[in-house]
Amino acid sequence: MKRFAPAEPSIEQLQAALQASEQISSAIVETAVNAIVTVDSSCVIESANTATERLFGYQRAELIGRNISMLMPQPYRGRHDTYVESYLRTGVKRIIGIGREVVGQRKDGSVFPIDLSVGEAVLPSGRRIFTGIIRDLTERKALEDKLLHISEQEQSRIGQDIHDDLCQQLAAIGCLAKVAQKNLAKAGSPEAQNLAEIVQLIGRANTRARETSRGLMPVVIDSGGLMAALEELAAGTSRAFEVECDFRYDNPVQISSNNVSVQLFRVAQEAVSNAVKHSQASRVDIHLARQSGNIVLTVRDNGVGIPDAPSKGTGMGLLTMSHRAQMMGGTLTIEPRTGGGTQVTCSVPAPPKKP
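Just so it is clear, the structure is predicted and the values come from calculations on it, not from any experiment.

**Focus on the overall build of the chain**
Phase 1: For the chain, the count of helices and strands is 9 helices and 10 strands.
Phase 2: Put simply, the chain has 355 residues, and 35% of those count as buried.
Phase 3: Within the chain, residue pairs in contact and separated by at least 24 positions form 56% of the contacts whose partners lie at least 6 positions apart.
Phase 4: Surface accessibility of the chain: about 21100 Å² in total, with carbon and sulfur atoms responsible for 55%.

Now the structure itself:
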């Protein structure tokens, strides 16, 4: 019995199969919930799906043939092509293959948070194309903002309760103990010395409770509030933990937004706490400055540094600091210092000044 080899597909069949495959791929891209954009090695947009039009407010004809940087606000718009050129020259990936939270800009000029994932493909001809998948994070960021706001309210409530209730009770107990100690001393009782030590311990506990209440409800209510709160944070840290903690600034930094002030204070508070409790630092420096339109907060310490595998306490703290910086449209960097220790830098756009 003779066996016949299957007939090879004709050119028409191959073309039909290719066309069907392209239609399926196009349908998948078009029906995707997230925006999908492809660009060439010169950062020129070659294709965009319907979700891209919906997300950024441009028609497809307005995007094709334009530089992808049109979808970014400054200063990222001016720097984007440099990043791509650097990658093509060195091969060092900064965002390709890695999802990253950045910001995009719509046609109407509004800026919003996005999650950007970039993939690279090399075609048989050797030409490179890049595919960006963009997801709108506006709702998620709003939820994070709401959760942090609730957290701030709860911390303030607890701080107020400590100040108005616990501190008052400790003060009353201290007064009663002091009176009893004086009476025992007049009677020549040897227990007077022990009671004097108890009075001192109650006083220290009251001081620590007041420091805790101040940390839970920082006084950041006007343009000078952040500087006053950071100065109090440094002084309180020195008193409570017996370390050198200084706050300094080159020029007074006025911030009109109370929300930005509170978030920056929380970043400084967490960084100082990590330095003292986890890095075992004996010196911490807090610095606040206005640089190139940004508010830059820097916390340096001389401790052992942040471990590669953070403990339970530090991991959540670092994540919270990063979220606070992103909420303000800024960045947070944590890096080791040359002479030992850690430097935490939070840079956020300076809010417009009140007239």
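**Some points on the side chain of Gln105**
Phase 1: By secondary structure assignment, the location of Gln105 is in strand E3 (residues 100-105).
Phase 2: With a relative accessible area of 18%, Gln105 lands in the buried category.
Phase 3: Discounting chain neighbours no more than four positions away, the residues touching Gln105 are Phe56, Met70, Leu71, Met72, Pro73, Arg77, Ser110, Val111 and Phe112.

**Overview of the environment of Thr131**
Phase 1: Structurally, the position occupied by Thr131 is in strand E5 (residues 128-136).
Phase 2: Between the C-alpha atoms of Thr131 and Val118, which are 13 residues apart in sequence, the distance is 5.6 Å.
Phase 3: Setting aside residues up to four positions removed in sequence, Thr131 forms contacts with Ile36, Val37, Thr38, Ser117, Val118 and Gly119.

**Regarding a nonpolar patch on the surface**
Phase 1: Taken together, Leu143, Leu147 and Ile150 make up a surface patch of nonpolar side chains, about 290 Å² in accessible area.
Phase 2: Along the polypeptide, Ile150 turns up in helix H5 (residues 138-186).

**Digging into the sheet that holds strand E10 (residues 342-349)**
Phase 1: What the 5 strands build is an open sheet, ordered E6-E7-E8-E10-E9; its pairing is mixed. What marks the edges here is a single partner per strand, and that holds for strand E6 (244-249) and strand E9 (331-336). Between one strand and the next, the sheet's axes are offset by a mean angle of 15 degrees, whatever the strand orientation.
Phase 2: In the sheet, E9 pairs with E10 via 6 bridges, with the strands oriented antiparallel. Residue Thr331 lies in a different strand from E10, and its bridge partner there is Ser347.
Phase 3: Sheet strands touched by helix H7 (residues 225-241): E6, strand E7 (283-291) and strand E8 (294-301). Its angle to E6, the strand with the most contacts, is close to 165 degrees.
Phase 4: Helix H8 (residues 258-277) contacts E7, E8, E9 and E10 of the sheet and is inclined by roughly 15 degrees relative to E8.

**Thoughts on unusual backbone geometry**
Phase 1: In this model, Glu242 sits at a positive phi of 55 degrees, which is unusual for a non-glycine residue.
Phase 2: At Ser292, a position not held by glycine, the phi torsion is positive, near 50 degrees.
Phase 3: Along the chain, Ser292 turns up in the loop between E7 and E8.
Phase 4: Owing to a relative accessible area of 81%, Ser292 belongs among the exposed residues under this scheme.

**Digging into the pairing of strand E2 (residues 45-48)**
Phase 1: The sheet contact formed by strand E1 (residues 35-40) and E2 spans 3 bridges and is antiparallel. For Val39, the partnering residue across the bridge sits in E2 and is Ile45.
Phase 2: Between E1 and the antiparallel strand that follows it, E2, lie 4 residues; Cys43 among them carries a positive phi value of about 70 degrees.

**Notes on helix H4 (residues 76-90)**
Phase 1: Here H4 is 15 residues long and its end C-alpha atoms lie 20 Å apart, about the 21 Å a rise of 1.5 Å per residue gives.
Phase 2: By the burial criterion, the buried members of H4 are His80, Val84 and Tyr87. In an axial view of H4, the angular spread of the buried residues amounts to 65 degrees, which keeps them on one side of the axis. Facing away from the buried side of H4 by over 90 degrees, the exposed positions are Gly78 and Arg89.
Phase 3: Next to the buried residues of H4 lie strand E4 (111-122) and E5.
Phase 4: Phi turns positive, to about 80 degrees, at Gly91, one or two residues after H4.

**Some remarks on the packing of H7 against H8**
Phase 1: Between H7 and H8, whose axes approach to 10 Å, the crossing angle comes to 20 degrees. By the angle between their axes, H7 is roughly parallel relative to H8. Like other packed secondary-structure pairs, H7 and H8 cross with a definite hand, here right-handed. Facing H7, whose interface residues are Leu226, Ala229, Leu230, Leu233, Thr237 and Phe241, H8 presents Ser261, Leu264, Phe265, Ala268, Gln269, Val272, Val276 and Lys277.
Phase 2: Residue classes in the contact of H7 with H8 are distributed as 10 nonpolar, 3 polar and 1 charged.

**Comments concerning the packing of aromatic side chains**
Phase 1: The full count for this structure, using the stated rule, is 2 aromatic pairs.
Phase 2: Taking the centre distance of 5.8 Å and the plane angle of 40 degrees together, the rings of Phe247 and Tyr249 count as tilted.
Phase 3: Residue classification places Phe247 among the buried positions, given a relative accessible area of 16%.
Phase 4: When the ring centre of Phe112 is taken as reference, the NZ or CZ atom of Arg106 above it lies at 3.8 Å.

**Here we look at the side chain of Arg266**
Phase 1: Its place among the elements puts Arg266 in helix H8.
Phase 2: With a relative accessible area of 4%, Arg266 lands in the buried category.
Phase 3: Within the local environment of Arg266, its side chain forms a polar contact with the side chain of Gln269, the two groups lying 2.8 Å apart.

**Quick look at the confidence of the model for the chain**
Phase 1: When pLDDT is averaged along the chain, the result is 82; 88% of the residues meet or exceed 70.
Phase 2: Residue range residues 309-314 is modelled with pLDDT below 50. Its contacts to residues more than four positions away, or to other chains, number 5 contacts.

About the cut-offs
- Residues numbered from 1 in each chain as written.
- Predicted model: local features only at pLDDT ≥ 70, side-chain atom pairs only at ≥ 80, totals over all residues.
- Heavy atoms only, no water.
- Helix = DSSP H or I, 4+ residues; strand = E, 2+ residues; numbered from the N terminus.
- Buried < 20%, exposed > 50% of the residue type's maximum accessible area, 1.4 Å probe, protein only.
- Contact = heavy atoms within 4.5 Å.
- Areas by Shrake-Rupley, 256 points an atom, 1.4 Å probe, with all protein chains shown as cover.
- Patch = residues over 30% accessible without salt bridge, like charges linked within 9 Å, V, L, I, M, F, W, Y side chains within 5 Å.
- Salt bridge = Lys/Arg side-chain N within 4 Å of Asp/Glu carboxyl O.
- Pairing = 2+ DSSP bridges.
- Axes fitted to C-alpha atoms, helices over the stretch in contact; angles between N-to-C directions.
- Expected span 1.5 Å × (residues − 1).
- Arc of directions from axis to C-beta.
- Parallel < 35°, antiparallel > 145°, perpendicular 65-115°, else oblique.
- Left-handed = near helix turned anticlockwise from the far one by under 90°.
- Nonpolar A, V, L, I, M, F, W, Y, C, P; charged D, E, K, R; others polar.
- Phe/Tyr/Trp six-rings, centres within 6.5 Å; stacked < 30°, edge-to-face > 60°.
- Lys NZ or Arg CZ within 6 Å of the ring centre and 35° of its normal.
- Polar contact = N/O pair within 3.5 Å; in protein donor to acceptor, adjacent residues only side chain to side chain.
- pLDDT = per-residue confidence, 0-100.

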